[in-house]
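# Structure assessment
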Amino acid sequence: MEALVVDDSRAMRTILKRIVTQCGFELCEEAPDGLSALRKLHDGLRPRLVLVDFNMPEMNGIEFVAAMRTNPELHDATVVMITTETSIERMEQALAAGADEYVMKPFTPEVLIDKLALAGITTTSA
Amino acid sequence: MQLTDIGLHEVIDGVWTQMLGYDIEPTVPPVVFEDTRHLTGSVAITGDWDVMLLIEVPEALALDLASTMFAMDQADLSQDDVFDTLGEMANMVGGNVKGLIPGNTQLSLPTISEGRGYQVHVPGSELLVQLAYRVGEWTMETRLVGRAR
C-alpha cells in the first residue's frame, strides 16, 4: 500500500510518515504543497491514503483535493485533512471538495491511527 | 472576543503536552531572554481581527523541539529543520487560536525570527494574552497581540 503526505512543514510530514509506516504502508511519498503533490499523481503515483494539510503555499489543501478527485483513478483513495482549521464552514468545504475525514492538529498518534482504522484502510488500532 | 488565558493555555497544552509529550509548567511572564540566543515563531490572523501569535523559545529548546519532531539527534539537524519545527508550532497554536476568534479570519504562513537581545513589537496593537511556561530546564513564552478592525 502506498500513502501520500502533503504538508508544507517537513517536521509534520516526518511525524505523519512515521505514523503511516506504523500502520503498515510500505511506501509513503511526500510533497510540500498541493501543486507538487498533483505532479506526483500525474506521474503515476496511486496512493491508497492521502493526508493533506489545509494551509500551504502554491496550492492549498482544498484546491488540491478538488483537483485530485477529477481523476477517476483516484476516486478510491481515502483523503484525510490534517488541519488546525476548526470552523465548520472550512470542514464543509473540504468534504465538498472530496475529503473523506479530517483530524485536528494537535493530534496524538493514537487519534490518527484510530481514524484510519475507522475509515477502514488499516486494521491497526491504537 | 472569546480568547482567554484558559483558552490559550488549553491550545498550548494540546500541542506541547498531548502531541509532543513535554511537561510544561505555567510560570509568571514575561520571559526575559536578555543575551540568550532565542527564536520567535509567529503567525498572523487577519480579517475581522488583526492578531499576531508569537512563540518565543531559547535556541536550546528550539533544538530539543526539532529533535523530538524529526526524531533525530540534535547534531544531525539543520537550521532549516529548527525553523520548520518552530513554524509548525506557531501554525498549530495559531490555527487553534483562530478558532477562538469570532468573525471571518485567515491564518498566514509562519515566519521565524532569531538572534540575541531582540524584542518583537507589533505597533498599534495591544497585548491580549501572555503566558509563560517552564519546559524542562528552559522557559518559553506565548503572546497574543492584536486589535479588532
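Remember, predicted model here, so these are calculated numbers, not experimental data.

On to the sheet that holds strand β5 (residues 101-104) of chain A, then. Residue and element names in this part refer to chain A. Strand order in the open sheet formed by five strands is β2-β1-β3-β4-β5, with parallel pairing between adjacent strands. Every other strand in the sheet has two partners, leaving β2 (27-31) and β5 as the edge strands with one partner each. Within this sheet the neighbouring strands show an average axis-to-axis angle of 20°, counted without direction. Across the sheet, helix α1 (residues 10-22) is in contact with β1 (2-6), β2, β3 (49-53) and β4 (78-83); its angle to β2 comes to roughly 160°. The strands touched by helix α5 (residues 109-118) are β3, β4 and β5; relative to β5, the strand with the most contacts, the crossing angle is about 170°.

Core analysis: the largest hydrophobic core is formed by 62 residues, its most contacted members being Phe-107 of chain A together with Trp-16 and Met-89 of chain B. The leading source of residues in this core is helix α3 (residues 79-98) of chain B, at seven residues. For Trp-16 of chain B, the residues in contact, after removing those within four places along its chain, are Gly-21, Tyr-22, Ile-24, Val-57, Leu-61, Leu-65, Met-89, Val-135 and Met-140 of chain B.

Time to look at the interface of chain A and chain B. Opposite the 19 residues of chain A that make contact, chain B presents 22 residues. Surface buried jointly by chain A and chain B totals about 1,700 Å² across both partners, of which 54% is contributed by carbon and sulfur atoms. It is Arg-10, Thr-84 and Pro-106 of chain A in chain A that bury the most area against chain B; as a group they hold 31% of the surface buried on that side. Here chain A is connected to chain B by three salt bridges. Between Asp-80 of chain B and Arg-10 of chain A there is a salt bridge whose closest N-O contact spans 3.3 Å. Between chain A and chain B we count eight residue pairs in polar contact (both at pLDDT 80 or more) in total. Residues that form the side of chain A that touches chain B fall into these classes: seven nonpolar, six polar and six charged.

Residue and element names in this part refer to chain A. Taken N-terminus to C-terminus, the directions of α1 and α5 make an angle of 50°; their axes are 10 Å apart at the nearest point. With respect to each other, α1 and α5 are oriented oblique. For α1 against α5, the interelement crossing comes out right-handed. Where α1 approaches α5, its residues Leu-16, Ile-19 and Gln-22 are matched on the opposing element by Pro-109, Leu-112 and Ile-113.

The next point concerns the state of the cysteines. Residue and element names in this part refer to chain A. This model, assessed by the stated rule, comprises zero disulfides over all chains. Left without a disulfide partner, Cys-23 is nearest to the cysteine sulfur of Cys-28, which lies 10 Å away. When its relative accessible area of 5% is taken as the criterion, Cys-23 is described as buried.

Okay, the side chain of Lys-105 of chain A next. All names here are of chain A. By secondary structure assignment, the location of Lys-105 is in the loop between β5 and α5. By relative accessible area, Lys-105 is classed as buried at 0%. Polar side-chain contacts of Lys-105 include one of 3.3 Å to the side chain of Asp-7. A polar contact of 3.5 Å, which involves the side chain of Lys-105, links it to the side chain of Asp-53.

This part is about the confidence of the model for chain B. On average, chain B scores 93 in pLDDT, and the residues at 70 or more come to 99%. Taken over the whole predicted complex, pTM reads 0.90, whereas the ipTM for its chain interfaces reads 0.85.

Bringing the packing of aromatic side chains into the picture now. Residue and element names in this part refer to chain B. Applying the stated criterion to the full structure yields one aromatic pair over all chains. Ring geometry for Trp-16 versus Tyr-22: centroids 5.6 Å apart, planes at 70°, classification edge-to-face. Each member of the pair, Trp-16 as well as Tyr-22, carries the same accessibility label: buried.

This part is about the pairing of β5 of chain A. Residue and element names in this part refer to chain A. By the bridge criterion, four bridges tie β4 to β5 in an arrangement that is parallel. The partner of Val-80 across the bridge, within β5, is Glu-101. Following the chain from β4 across helix α4 (residues 88-97) to the adjacent parallel β5, one finds a crossover that is right-handed.

Reading the values: rules and limits
Residues numbered from 1 in each chain as written. Chains lettered and ligands numbered in written order. Predicted model: local features only at pLDDT ≥ 70, side-chain atom pairs only at ≥ 80, totals over all residues. Heavy atoms only, no water. Pairing = 2+ DSSP bridges. Helix = DSSP H or I, 4+ residues; strand = E, 2+ residues; numbered from the N terminus. Axes fitted to C-alpha atoms, helices over the stretch in contact; angles between N-to-C directions. Contact = heavy atoms within 4.5 Å. Core = buried A, V, L, I, M, F, W, Y, C linked by side-chain atoms within 4.5 Å. Buried < 20%, exposed > 50% of the residue type's maximum accessible area, 1.4 Å probe, protein only. Buried area = accessible area lost by both parts, 1.4 Å probe. Salt bridge = Lys/Arg side-chain N within 4 Å of Asp/Glu carboxyl O. Polar contact = N/O pair within 3.5 Å; in protein donor to acceptor, adjacent residues only side chain to side chain. Nonpolar A, V, L, I, M, F, W, Y, C, P; charged D, E, K, R; others polar. Parallel < 35°, antiparallel > 145°, perpendicular 65-115°, else oblique. Left-handed = near helix turned anticlockwise from the far one by under 90°. Disulfide = S-S within 2.5 Å. pLDDT = per-residue confidence, 0-100. Phe/Tyr/Trp six-rings, centres within 6.5 Å; stacked < 30°, edge-to-face > 60°. Right-handed = clockwise from strand over helix to strand, strands pointing away.

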